[in-house]
Amino acid sequence: MNAEAAIMNARQWLWLIAKRVIFTIPILFGVATATFFLTRLAGGDPAYQIAGPFATDEVIAAVQKQIGTDMPIGDQYAAFLGDILRGDLGTSIFTDRPVISDLADRLPATLTLVILALAFSLVFGLALGSFAAYRRGRAGDKVVRVGSFSALSVPDFWLGLVLLFLFFFRFGIAPGPTGQIALGATAPRDITGSAIFDAAITFDSAAFRAALHQLWLPLMTMVFIFTAPITRLARSAVIESLTSDSILFGRACGLPKRQLWAYATRAALPPVVTFVGILFSVLLSSAVLVEAVFSWGGAAQYAVNAIRQNDFPAVQGFVMAAGVFSVAIFLVVDILYRVIDPRVRL
Amino acid sequence: MSSLPMGNTGQEGASIAIAVEGLTKTFHTRRGIPNVVAVEDVSFSVETGSTLGIVGESGSGKSTVARCLLGLTPVDSGAIEVLGRSLVGAPAKQLRSWRSEMQIVFQEPYESLDPRYRVHQAVAEPLLLHTDLRGDVLGRKVLDLLEHVSLQPELARRYPHELSGGQQQRVNIARALATSPKVLVLDEPTASLDVSVQEGVLRLLLALQEEFGLTYVLISHDLTAIRAVCEQVAVMYAGRFVEIGPVDEVLSNPRHPYTEFLIGAELSVDPDVSPLAGIVRGEVATSERPPGCLFAPRCPMRVDQCEEGRPLFESVAPDHVAACLFADRSVDWSD
Amino acid sequence: MTPSDARHPILTVENLFVELSRKKAVTPILQDVSLSLPEAGMLGLVGETGSGKTMTARAIIGLLPPGVHVKSGSITLDGSELLVDNSTAMREVRGVQIGMVFQNPRTALYPMSSVEAQMKRVLRAHLNLARPNRATRIHEYLRLVGIDDVRRVARSYPHELSGGMAQRVVIATSLLCEPTVLIADEPTTGLDATIQRQILELIADLQARFSLSVLIITHDLGIVAQYCDSVSVMNEGRVVEHGPKRQVLKSPAHEYSERLIAASDLRRIRRAKTSEPQ
Amino acid sequence: MRALRLAAGKLLRQISSASNHSLVWGALIIAALAVGAYLVPAISEFGAEAANPREALQPPSARHPFGTDRSGFDIFVRVFHAPRIDLSIVVLGVGIGAVLGSLLGVLAGFSRRFMGEVSMRLADIVQAFPLLILAIALVSLGGNSLTTVWLVLAFVNVPVFMRLTRSRVLTVREQRYIQASVALGNSTPRLVFRHILPNSLGPAVVQFGVSMGYGILTLAGLAFLGVGVQLPTPEWGSMILGGSNYITTGQWWISLFPGVFLAIAVFAFNLLSEGIEQAREVHAR
């Protein structure tokens, strides 16, 4: 009886996940279409940019033939979609390598920053937000509220510079803007491209320490910024659940404080999880700036350089990849939401 | 099919304000969730100047009937005639112009008022929509209406949230009466009010009926309100009428076990009048609709025959019908 | 207080003053409220919106909303004072000596846990039972409140239950640790007549079986007339009348109770028209 | 003159006694920034775009309160001058995005069915992109002009307001007073414009402050990456960029002051937004 129910349950979950994955296909298609037309619409024929301002008509024609922009727009679009289905995002004009392998090299560095920042911000935000909610109206709450409200207004790239000034120039306890791995430092064996992750999985403690030394300042910059909105959201969600009938009934049943806190925090999770989905693409935007400040060398910095050098396929590739990641995060959040909240399950 | 339960009520020449025949409404919900049958084959008529009460529990479909009566909800099938006009299939524009003659007052007095409209704006709105009154004349008419529902003129400039529940409901009534309608549907008008306020609102409704010769349909779950205001009563269960008749007759001599239970369940304020000893078990099944009597699963008199088809209305007294195979027998509640 | 009930009072409220302080303004909420709930009796506390009846209940159980606090007075349960500033002691009262049932059963239950899981937490908070015994006890109490399909209900989440079913679960939860006093705050408001009867009969039945002392808070005089022994009438933060129900309902001494009783009997406002011969 | 002073004093007292501090302070700071943008350059002896290589890289002093940058620009004047660009572009961009998005949101909410679904999926797609990358790509590919910058700000804000307004409309249209309005005989256009729309715009108004703040950050972020506004135009983001190479050598003032003003501006708009929300809550009670 119970086993049967469990199988039924597992089947329903699988079906739900499958359904959600199928639903993302049109969105991914839309992302690709939007990428293609937006870059085309805004930039016109990239051949002119590739060939440079002083190119002759013949050179431009040759470039057009090479990158395919001499074809009608419909054919170009079809070719673009076909390439994507084969996992081909074109060749970078600047590095002369396939965009997909350029991205594969650099994305892990960016994702390290983004995912760790997200994780830490979530932990701190939930802790601070719950703390403020439980001490509503008292001094602790006021400090958290004013602090988080002010932190919302701080520009991330500027904060990075200020931190660099303080911890590198003044106190000398942080490295300069030298990327994931400092010159001459112990580097881990390159497996994924994320220095700290590679060091961790190869148990290379020297490399791990070196990578951590490089990581902490940019990470702190992002965590400082993104803890604020999560704190505010968590605070109001926990307050709402603390004042709910079910907490009142729990108190009337004599549940211990610990249990009531656990109830309130858990009931506050669904809105926070939903917010993480929205936050992810904001974090990617932030990573663009933070990477620039710290010369992080990730995919975001690659994209910015590509834009400066009119490296058209590289820009397109990054925008596409970022869209795919955002959609993937939406998917995860959607499923997580259902795991957490029984009311919207299945 | 069921016969039209109410014919001539004895008084020669009384005109019919509302006539409903075979009204059916199903709500189609999202995929995977069964459709909800809200109203099934409901027929009745209301005489001009009188009040029909429709009583039932939540989910019985009584509010859907109210909405259909005003053309606010499209019906699946059936005919609705109000003041001699057929509402079903009437063009929207036509329906809109008829609204000056038929109005509704909802259960939630605060939620029924646009939070951004002051009292005088809310009451003036129907007049702006249906009449040529403007300026001072309009203003005087609004104050006149407020006076009719016993609201002080100082309240005219307030917003709904600055009024008490009883005052809000009076604003709703004044607004509904602004264009001098002939038919008023009252959907649980006192359910969310305190008892002392309830009494005042019901008294007001009775006085207004007397003054303007209004025809009321009162939707309620509360038999005391029904008893106080109505001449006829219809009892609704799971989307169907199960008993209709003159209010005194039905409430003193109920012929459907569900009606009998509803009356018996009333908790009298008099400690010496005890309620019915038996209680109905279970709850209204919202999704399953067996082919037989819908009350059968909870009925103490149930026999196999009950599940064979919907019972037809049986006449048990003049103008009094009940849809039960045992309409001529009284219920044995000992269980 | 009118010592009309000969039985020993288990719960008494004496000269309770409660006020709301917001910024500098202080608003009185309860003024000189006194109540006496006789052992194994059923006391009705009636009043309209804003009369202070719910605040009285929440003061008894020590769960006043933020900003609202007791100014003076005394609340005793079986002789011991509850108004001492000790939250741990109060936690041993709630659920163990006093159970409480609220108006809206579907929001009173914790939405993210199954019925069984949340009942287990209440049990664990107060009683030291072995794991299998906990489940047995929960099922036993669910059966006690008239739930037939115990296994299914225990596995359900609150949103999957109907209002009546949820109220049964709430009652079972509040009685789980065998309190001697049950406070029911509008336990049937918002439920249908048929379900209201079921819940009231259940409370009356449990009261008789376990000699529970029940304080029932309601706006409905019908509930008082049919189920209570005695009644206290509240208006604007004060108890205006107290006595055995028959005495209060049949010959109210206070003008407000008289008005309230009159208003509840809507038969009086039948129009002249229908009383004429047709 | 004296009467004027008295009146101003009375006004200030009234403002400071108002309970909605967020609204008052947010508005005051924004007004101060706007006034300062014209007042400070007018009375300063330095021009906002006047290079003076002989006084390059000077730390804050009485002559240059915020110091000078590598071209010898006076940072004090430039920091105050910046809102002319920052505020006007962002107000224009976010304003157009908000109006357009809210209108589309009302339509999408009202025509629930097909069109609503399609437009919401389009909004999903736009929002799936990281905003800043999208903005950089569009601005730099679209010719790196100020026009493109506000167009892009408008473009990215449309889905935000559309989503918000749509969900609000979906809530409002289910309200009992909307049904009551239909029963009174309101026609559909009157229902939408007199009842649904006025009751649906609240969240969008609150969001406007938040979007303004985020728009200012985006504009500055773009400029920091060298996209959009460029040196020597006085703009906070590009000024921070101008000082970024000097931060590791200790010349902190070049980047610090523009950043502080940028943060103050964003803070003011967040404050304004919170104030509006408070005011709405009071009204709704």
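What you are looking at is a predicted structure, and each value in this text was computed from that prediction instead of being measured.

Caption draft 1: How the structure looks around the overall build of chain C. Within chain C one finds 12 helices and 10 strands. Since a compact globule built from 278 residues should have a radius of gyration of about 19 Å, the 20 Å found for chain C is in line with a globular shape. Its C-alpha atoms put chain C at 65 × 55 × 45 Å along the principal axes. Of all 278 residues assigned to chain C, the portion counted as buried reaches 56%. Partitioning the contacts of chain C with sequence separation of at least 6, the portion at a separation of at least 24 is 69%. By element, 48% of the accessible surface of chain C is carried by carbon and sulfur atoms, the whole surface being about 11800 Å². If you average the places of the 33 positive and of the 29 negative side-chain charges in chain C, the two averages end up 7 Å apart.

Caption draft 2: Just the overall build of chain A, in detail. The secondary structure content of chain A amounts to 13 helices and zero strands. Written out in order from the N terminus, the α and β elements of chain A read α-α-α-α-α-α-α-α-α-α-α-α-α. Counting only C-alpha atoms, chain A reaches 85 × 60 × 40 Å along its principal axes. Burial statistics for chain A: of 346 residues in total, 49% are counted as buried. For chain A, the share of sequence-separated contacts (at least 6 apart) that also reach a separation of at least 24 residues comes to 72%. Here chain A has roughly 16200 Å² of accessible surface; of this, 67% comes from carbon and sulfur atoms. In chain A, 26 positive and 22 negative side-chain charges are present, and the distance between their average locations comes to 19 Å.

Caption draft 3: Main features of helix α2 (residues 21-43) of chain D. Residue and element names in this part refer to chain D. Relative to the 33 Å expected for 23 residues at 1.5 Å per residue, α2 spans 31 Å between its end C-alpha atoms, a close match to the ideal helical length. Along α2, the largest kink reaches about 40° and is centred on G36. Listed as buried for α2 are S22, V24, G26, I30, L33, G36, A37, V40 and P41.

Caption draft 4: Main features of a positive patch on the surface. Positive charge collects at one region of the surface, where R135(A), R138(A), R251(A) and K257(A) lie side by side. Position of K257(A) among the secondary structure elements: in helix α11 (residues 257-294).

Caption draft 5: Structural detail: the interface of chain D and chain A. With 42 residues of chain D at the interface, the matching set in chain A holds 47 residues. Contact between chain D and chain A buries roughly 3600 Å² in total, counting both sides, with carbon and sulfur atoms accounting for 80%. Across the contact surface, chain D and chain A share one salt bridge. Remark: the boundary between chain D and chain A carries four residue pairs in polar contact (both at pLDDT 80 or more).

Caption draft 6: Fine view of the packing of helix α6 (residues 195-212) of chain B against helix α11 (residues 255-264) of chain C. Running from amino to carboxyl end, α6(B) crosses α11(C) at an angle of 50°, the nearest separation of the two axes being 8 Å. Of the possible angle classes, the one that applies to α6(B) and α11(C) is oblique. The interaxial crossing formed by α6(B) with α11(C) has left-handed handedness. Residues V195(B), S196(B) and E199(B) of α6(B) pack against L260(C), A263(C) and S264(C) of α11(C).

Caption draft 7: The interface of chain D and chain B, seen in detail. The partner chain B presents 23 residues to the 18 residues of chain D that form the contact. Buried surface at the junction of chain D and chain B, both sides included, amounts to about 2100 Å², of which 54% is carbon and sulfur. Put simply, chain D and chain B have two salt bridges between them. With its nearest N and O atoms 2.5 Å apart, the salt bridge here joins R176(D) to E108(B). Scanning the region where chain D abuts chain B turns up 10 residue pairs in polar contact (both at pLDDT 80 or more). Elements with a contribution of two residues or more to the side of chain D that touches chain B: α8 (176-184), α9 (188-200) and α12 (253-284) of chain D. Here the element with the most residues in the side of chain D that touches chain B is α8(D); it accounts for seven residues. Tallied by class, the residues present in the side of chain D that touches chain B amount to seven nonpolar, seven polar and four charged.

Caption draft 8: Summary view of the pairing of strand β4 (residues 68-77) of chain C. Residue and element names in this part refer to chain C. Relative to β4, strand β1 (residues 9-22) runs antiparallel, the two being bridged by eight bridges. By the bridge assignment, V13 is partnered in β4 with I75. The pairing of β4 with strand β5 (residues 80-81) spans two bridges and is antiparallel. Note that in β5 the partner of L77 across the bridge is S80. Hairpin connection of β4 to β5: two residues between the antiparallel strands, including D78 at a positive phi of 50°.

Caption draft 9: Looking closely at the pattern of salt bridges. A full pass over the atoms with the stated rule returns 30 salt bridges over all chains. The salt bridge involving D270(B) is made with K250(C); its shortest N-O contact spans 3.1 Å. Of the two residues, D270(B) is situated in the loop between α9 (257-265) and β11 (314-317) and K250(C) in helix α10 (residues 245-250); the pairing between them involves two chains. For D270(B), a relative accessible area of 27% corresponds to the partly exposed category. A salt bridge links E186(C) to K53(C); its shortest N-O distance comes to 3.6 Å.

So, how was this worked out
Residues numbered from 1 in each chain as written. Chains lettered and ligands numbered in written order. Predicted model: local features only at pLDDT ≥ 70, side-chain atom pairs only at ≥ 80, totals over all residues. Heavy atoms only, no water. Helix = DSSP H or I, 4+ residues; strand = E, 2+ residues; numbered from the N terminus. Rg over C-alpha atoms; globule rule 2.2 N^0.38 Å. Buried < 20%, exposed > 50% of the residue type's maximum accessible area, 1.4 Å probe, protein only. Contact = heavy atoms within 4.5 Å. Areas by Shrake-Rupley, 256 points an atom, 1.4 Å probe, with all protein chains shown as cover. Lys, Arg positive; Asp, Glu negative; His and termini not counted. Charge placed at Lys NZ, Arg CZ, Asp CG, Glu CD. Expected span 1.5 Å × (residues − 1). Bend = angle between axes of the 7 residues up to and from the residue. Patch = residues over 30% accessible without salt bridge, like charges linked within 9 Å, V, L, I, M, F, W, Y side chains within 5 Å. Salt bridge = Lys/Arg side-chain N within 4 Å of Asp/Glu carboxyl O. Buried area = accessible area lost by both parts, 1.4 Å probe. Polar contact = N/O pair within 3.5 Å; in protein donor to acceptor, adjacent residues only side chain to side chain. Axes fitted to C-alpha atoms, helices over the stretch in contact; angles between N-to-C directions. Parallel < 35°, antiparallel > 145°, perpendicular 65-115°, else oblique. Left-handed = near helix turned anticlockwise from the far one by under 90°. Nonpolar A, V, L, I, M, F, W, Y, C, P; charged D, E, K, R; others polar. Pairing = 2+ DSSP bridges.

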